[in-house]
There are 2 protein chains.
Amino acid sequence: MISESSRRRISESTVRRLSLYYRILSVLEKENQATVSSKELARREKLTPAQVRKDLSFFGSFGTRGLGYPVCELKKRIGEILGLNRTWNIALIGVGNIGSALVGYKEFQRQGFHIKLIFDNDQRKIGSNHKGITVSDIKNLGKELRENNIEIVIVAVPATVAQYIVDDVVKAGIKAILNFAPINLKVPEDVFLRNENMSMELEYLSFARINLYNDLGTRIRSIQLFE
Amino acid sequence: MISESSRRRISESTVRRLSLYYRILSVLEKENQATVSSKELARREKLTPAQVRKDLSFFGSFGTRGLGYPVCELKKRIGEILGLNRTWNIALIGVGNIGSALVGYKEFQRQGFHIKLIFDNDQRKIGSNHKGITVSDIKNLGKELRENNIEIVIVAVPATVAQYIVDDVVKAGIKAILNFAPINLKVPEDVFLRNENMSMELEYLSFARINLYNDLGTRIRSIQLFE
DNA sequence: TTGAGAATGTGAATTCATTCACAAAAGACA
DNA sequence: TGTCTTTTGTGAATGAATTCACATTCTCAA
Ligand SMILES: NC(=O)c1ccc[n+]([C@@H]2O[C@H](COP(=O)([O-])OP(=O)(O)OC[C@H]3O[C@@H](n4cnc5c(N)ncnc54)[C@H](O)[C@@H]3O)[C@@H](O)[C@H]2O)c1
Ligand SMILES: NC(=O)c1ccc[n+]([C@@H]2O[C@H](COP(=O)([O-])OP(=O)(O)OC[C@H]3O[C@@H](n4cnc5c(N)ncnc54)[C@H](O)[C@@H]3O)[C@@H](O)[C@H]2O)c1
């Protein structure tokens, strides 16, 4: 049992790096490499070895001094931490441009993220088949989410209706939502919401491109501006 | 001319928040709100007012004490900083599931991100038309990127070939790349690379879902684990 | 015109994340 | 078995980001 006093906060960046480590360990496992050092992991993700060791140390001691980390075991352990050694039932809401792309993405399936339900409000789409899944009417959202033990919902509807949809999703008891609509959704404290915002990434590139080169086309070391 | 001594580093998080402010200011502009306080901006994005003021203060003093920030002017100013008051010529490589979704996305166009070229290596796709753009043969990549003044490239090809594609993109002189392949691409120091990794977001939700609830289904305040 | 209230802009304080640096542990090999 | 090398695990040190706190400046209403 986890007691209040024995807790340690894990930062978002640490969790994101765990995903990176997991991906590399999968590659190394395929290459039949038995062990890997923090130095090697760091090199592959452009991090410092200390960072790698610190990240892993939050969860225990998995390595052997003088040798490194056992690839398979560490992968398994990180998989457990991230919840990847099980399957998650996922529902997709909105099967338009982006929604259709996600349904066809095999990598999710391989990682244990199973899209089990698809919802839309377009009569032409309801009842049609996408990769073996029949599109449900959004009207039955709550009922079907509960009946199918859905734990994660992906929202891919227009921004204008995203908040209403999310309100219903929350009402159905869902605690984890991945949102593609470029809007700041309001959810209760106990619901995890992640936003996938592609425009923001393009804006970052745009900013970098403008601000990080001087007049000679030479790169400035870091993002810096006038005093 | 920017001198070494008069520089100040802008953090990645600050730039990302500028995108958020920009989006809200666009909404407020439509609602004809003349001014907005840091408190109001903070409330809308779940930040602190101090954070908002500090972010903006890196770029100058745009506000009026006792009143707040002028909505239109601040939006314009942030637009300038992010490079949104101009157009960017973009090329998309790989018009599969995700690539097709991006081509049809009007929001990019509206923000000044114009997809001008599409590349693929599939003979059935080359020459076909997507939203008015004829798909080019990947063989002509370098030549066409240069001839069309492309500044940003979006990579939406399978992970297995992404590195080769990116190598060619870099050779063509492109300095900004948005990558959808779930792989750690190597690019020279002077090239900006952003990764859009949806699996990682799902993994984060998975982690949160597992680690942030105790046995009673009650949320733990923050991500915390055993000592 | 004035005074109360509002909100900015910014150093200082604090909190959080990363890196350093080294003792301790294990392997390799004579 | 002993010594040399490698590499972990982790407190301490550093560095970065956020928040605090308040002097300053402006608005607005009377
Ligand atoms: N297409 C992209 O490349 C892209 C990129 C970034 C973000 N987005 C965002 O993702 C979301 C979806 O984009 P898209 O391009 O797929 O749009 P789309 O219009 O192609 O698809 C939206 C889908 O949602 C359905 N829908 C609409 N209202 C609904 C409701 N009330 N209940 C259930 N379903 C409903 C529509 O029938 C449609 O199938 C948007 O918010 C968009 O801003 C899209
Ligand atoms: N589909 C999704 O929802 C999704 C989600 C996250 C990440 N991704 C990633 O995005 C990338 C694209 O995914 P997708 O589902 O669209 O795949 P896809 O197979 O549907 O599309 C890939 C496209 O790239 C083209 N291509 C292949 N080799 C090429 C080459 N050498 N030069 C030019 N074009 C080439 C193919 O012809 C195809 O049109 C992949 O790396 C995938 O992992 C996809």
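Because the structure is predicted, anything quoted here is derived from the model rather than measured.

With respect to the helices and strands, Val191 of chain B occurs in the loop between strand 9 (176–179) and strand 10 (192–195). You can call Val191 of chain B buried: its relative accessible area is 6%.

What follows is about helix 3 (residues 49–57) of chain A. Residue and element names in this part refer to chain A. The set of residues buried in helix 3 consists of Val52, Asp55 and Leu56. Buried residues in helix 3, looked at end-on, bunch into an arc of 95°, giving them a common side. On its buried face, helix 3 sits against helix 1 (12–30), helix 2 (38–45), strand 3 (69–70) and helix 4 (71–82).

Here the focus is the pairing of strand 8 (residues 152–155) of chain B. Residue and element names in this part refer to chain B. The side-chain alternation of strand 8 yields two buried faces, one formed by Ile152 and Ile154 and the other by Val153 and Val155. Sheet topology places strand 4 (residues 88–93) next to strand 8; four bridges connect them, and they run parallel. Across the sheet, the residue bridging to Ile93 is Val155, located in strand 8. Bridge count for strand 8 against strand 9 is four bridges, and the pairing is parallel. Bridge pairing in strand 9 links Ile152 to Ala176.

Lining the immediate surroundings of DNA strand C are 23 residues, of which Arg17 and Arg65 of chain A together with Ser38, Arg53 and Arg65 of chain B lie closest. Each atom of DNA strand C within 4 Å of the protein was classed as base or backbone; sugar and phosphate made up 62%. In this structure, Gly63 of chain B approaches DNA strand C through a main-chain N or O atom, which is 3.0 Å from a phosphate oxygen. Taking Gly66 of chain B, its main chain carries an N or O atom lying 3.1 Å from a sugar or linking oxygen of DNA strand C. Elements supplying a minimum of two residues to the surface near DNA strand C: helix 3 of chain A together with helix 3 (49–57) of chain B.

Attention now moves to the sheet that holds strand 10 (residues 192–195) of chain A. With respect to topology, seven strands assemble into an open sheet ordered 6-7-5-4-8-9-10 (chain A), the strand pairing being mixed. Lying at the two open borders of the sheet, with one neighbouring strand each, are strand 6 (129–130) and strand 10 of chain A. For strand 5 (residues 113–120) of chain A and strand 7 (residues 133–137) of chain A, the ladder comprises three bridges, and the chain directions are parallel. Bridging from a neighbouring strand, Asp120 of chain A pairs with Asp137 of chain A of strand 7 of chain A. Along the sheet, helix 9 (residues 198–211) of chain B makes contact with strand 4 (88–93), strand 5, strand 8 (152–155), strand 9 (176–179) and strand 10 of chain A, crossing strand 10 of chain A at roughly 170°.

With that settled, consider the sheet that holds strand 10 of chain B. Residue and element names in this part refer to chain B. Taken together, seven strands build an open sheet; the order of strands is 6-7-5-4-8-9-10 and the sheet is mixed. At either margin of the open sheet sits one strand with a lone partner, and together these are strand 6 (129–130) and strand 10. Of the strand pairs in this sheet, strand 9 and strand 10 are connected by four bridges, and their pairing is parallel. Residue pairing for strand 10: Ile177 is matched across the bridge by Leu193. Helix-sheet contacts for helix 8 (residues 159–171) involve strand 4, strand 8 and strand 9, and the interaxial angle to strand 9 is about 165°.

This part takes up the site of ligand 1. As a matter of local geometry, ligand 1 sits amid 23 residues, with Ile98, Asp120, Lys125 and Val157 of chain A together with Tyr105 of chain B nearest to it. Nearby residues place ligand 1 at the junction of chains A and B. Contact between ligand 1 and Lys125 of chain A: an oxygen atom at 2.7 Å from a side-chain N or O atom of the residue. A distance of 2.7 Å is found between an oxygen atom of ligand 1 and a side-chain nitrogen or oxygen belonging to Tyr105 of chain B. About the coverage of ligand 1: the protein hides 84% of its 820 Å² of free accessible area. Counting only elements with at least two residues in the shell around ligand 1, the list comes to helix 5 (97–103) and helix 8 (159–171) of chain A together with helix 5 (97–103) of chain B. Counting residues per element, the shell around ligand 1 draws most heavily on helix 8 of chain A, at three residues. Here the shell around ligand 1 is composed, by residue class, of 16 nonpolar, four polar and three charged.

What counts, and where the lines are drawn
- Residues numbered from 1 in each chain as written.
- Chains lettered and ligands numbered in written order.
- Predicted model: local features only at pLDDT ≥ 70, side-chain atom pairs only at ≥ 80, totals over all residues.
- Heavy atoms only, no water.
- Helix = DSSP H or I, 4+ residues; strand = E, 2+ residues; numbered from the N terminus.
- Buried < 20%, exposed > 50% of the residue type's maximum accessible area, 1.4 Å probe, protein only.
- Arc of directions from axis to C-beta.
- Contact = heavy atoms within 4.5 Å.
- Pairing = 2+ DSSP bridges.
- Near = heavy atom within 4 Å.
- Polar contact = N/O pair within 3.5 Å; in protein donor to acceptor, adjacent residues only side chain to side chain.
- Axes fitted to C-alpha atoms, helices over the stretch in contact; angles between N-to-C directions.
- Areas by Shrake-Rupley, 256 points an atom, 1.4 Å probe, with all protein chains shown as cover.
- Nonpolar A, V, L, I, M, F, W, Y, C, P; charged D, E, K, R; others polar.

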